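Chains, contacts and geometry: an overview
Here's the letter readout for the chains.
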Amino acid sequence: MMAAKLDYRWHLRKVMADRGMFSTTDLIPPLKERGINLSSSQVYRLVVERPERLSLKILMALLDVLDCTMDDLIEPIAVAGAATKPKKAAAGGSSVSEGVGDLRPRRARISGVDR
């Protein structure tokens with residue numbers, strides 16, 4: 001039995017909008033008050049993109065600034081269609097690779113050359 005692959009959705013932009021913060025730079029002063037110094041481009045990436053790595057200090061500061069919980073910011077989801085690819089057969093096997101269909105090269109026959 002395979003374990004389900006998990007992923008997440010990042011809702012920082014939605015939570016900010018619910019709090020009346022419509023510009024990414026609105027986060028810079030409250031984060032600075034909590035000792036988090038981020039540039040405007042870093043804050044933009046934090047809001048617009050889904051972070052792969054996030055400092056716990058930044059996460060705690062965001063929760064404090066926005067007066068929300070982690071459940072409000074991060075929504076865990078199961079990855080749909082996380083099926084594994086079939087393994088390719090060794091040379092001479094019967095497995096057909098994707099996109100090729102029944103097209104297979106013919107084995108070359110080398111015969112002696114008459115000189």
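Residues numbered from 1 in each chain as written. Predicted model: local features only at pLDDT ≥ 70, side-chain atom pairs only at ≥ 80, totals over all residues. Heavy atoms only, no water.

**Here we look at the overall build of the chain**
To be explicit about the condition: Here a strand is any run of E in DSSP of at least two residues, a helix any run of H or I of at least four, and the numbering for each starts at the N terminus. Whether a residue is buried, partly exposed or exposed follows from its accessible area with a 1.4 Å probe, protein chains only, as a fraction of its type maximum: under 20%, in between, or over 50%, in that order. Per-residue accessibility takes into account occlusion by the displayed protein chains alone, with areas from the Shrake-Rupley method and a 1.4 Å probe.
Helices and strands together make up the secondary structure of the chain, namely five helices and two strands. Mapped in sequence order, the helices and strands of the chain form the string β-α-α-α-α-α-β. The proportion of buried residues among the 115 residues of the chain is 20%. Total accessible area on the chain stands at roughly 9,600 Å², and carbon and sulfur atoms take up 53% of it.

**Some words on the nonpolar core**
Which entries qualify depends on this criterion: Joining through side-chain atoms within 4.5 Å is the link that ties buried Ala, Val, Leu, Ile, Met, Phe, Trp, Tyr and Cys residues into a set, and such a set is a nonpolar core.
Core analysis: the largest hydrophobic core is formed by 20 residues, its most contacted members being L12, M16, L27, L31, L62, L66 and L73. Where this core is concerned, the elements lending two or more residues are α1 (12-18), α3 (40-48) and α4 (56-66).

**Comments concerning the packing of aromatic side chains**
Spelled out, the test is: Only Phe, Tyr and Trp rings are paired, with Trp represented by its six-membered ring, and only when their centres lie within 6.5 Å; those with planes under 30 degrees apart are stacked, over 60 edge-to-face, the remainder tilted. Lysine and arginine charges are scored as sitting over a ring when NZ or CZ, respectively, is within 6 Å of the ring centre and within 35 degrees of the ring normal.
With the rule as written, the count across this model stands at zero aromatic pairs. Directly above the aromatic system of Y8 lies the positively charged group of R50, at a separation of 4.5 Å from the ring centroid.

**Looking at the pattern of salt bridges**
Just so we agree on the cut-off: Think of a salt bridge as a Lys or Arg side-chain nitrogen and an Asp or Glu carboxyl oxygen that are within 4 Å of each other.
Across all of its chains, the model carries six salt bridges by this definition. K14 serves as the salt-bridge partner of D18, at 3.1 Å between the closest nitrogen and oxygen. Of this pair, D18 and K14 are both found in helix α1, four residues apart, which corresponds to roughly one turn of the helix. For the pair D18 and K14, one class covers both residues: exposed. Residues joined by salt bridges that share partners form a network here, namely D7, R50 and E52.

**Re α3**
The cut-off we apply is this: What the arc measures is the spread of directions leading from the helix axis to the C-beta atoms. Contacts were defined at the residue level, with two residues in contact if any of their heavy atoms lie within 4.5 Å.
Within α3, the full set of buried residues consists of V43, L46 and V47. Down the axis, α3 shows its buried residues gathered within 95° of arc, on one side only. Residues of α3 that are buried sit in contact with β1 (6-10), α1, α2 (28-33) and α4.

**Let's talk about α4**
Worth spelling out the cut-off: Pairing of N or O atoms within 3.5 Å defines a polar contact, subject to two protein rules: one partner must be a possible hydrogen donor and the other a possible acceptor, and residues neighboring in sequence count only if both atoms are side-chain atoms.
Taken as a whole, α4 has its buried residues at I58, L59, A61, L62, L63, V65 and L66. Next to the buried residues of α4 lie β1, α1, α2, α3, α5 (70-73) and β2 (74-78). Looking at where α4 begins, the residue whose side-chain oxygen comes 3.2 Å from the main-chain nitrogen of K57 is S55. Phi turns positive one or two residues past the end of α4, at D67, with a value near 50°.

**Digging into the environment of W10**
Positionally, W10 belongs in strand β1. With near-sequence residues (within four places) excluded, W10 lies in contact with L46, V47, E49, R50, P51, L54, L62, L73 and I74. A polar contact is formed between the side chain of W10 and the backbone oxygen of L46, at a distance of 2.8 Å.

**A look at the side chain of T24**
Along the chain, the position of T24 falls in the loop between α1 and α2. Contact partners of T24, with chain neighbours within four places excluded, come to M16, V43, Y44 and V47.

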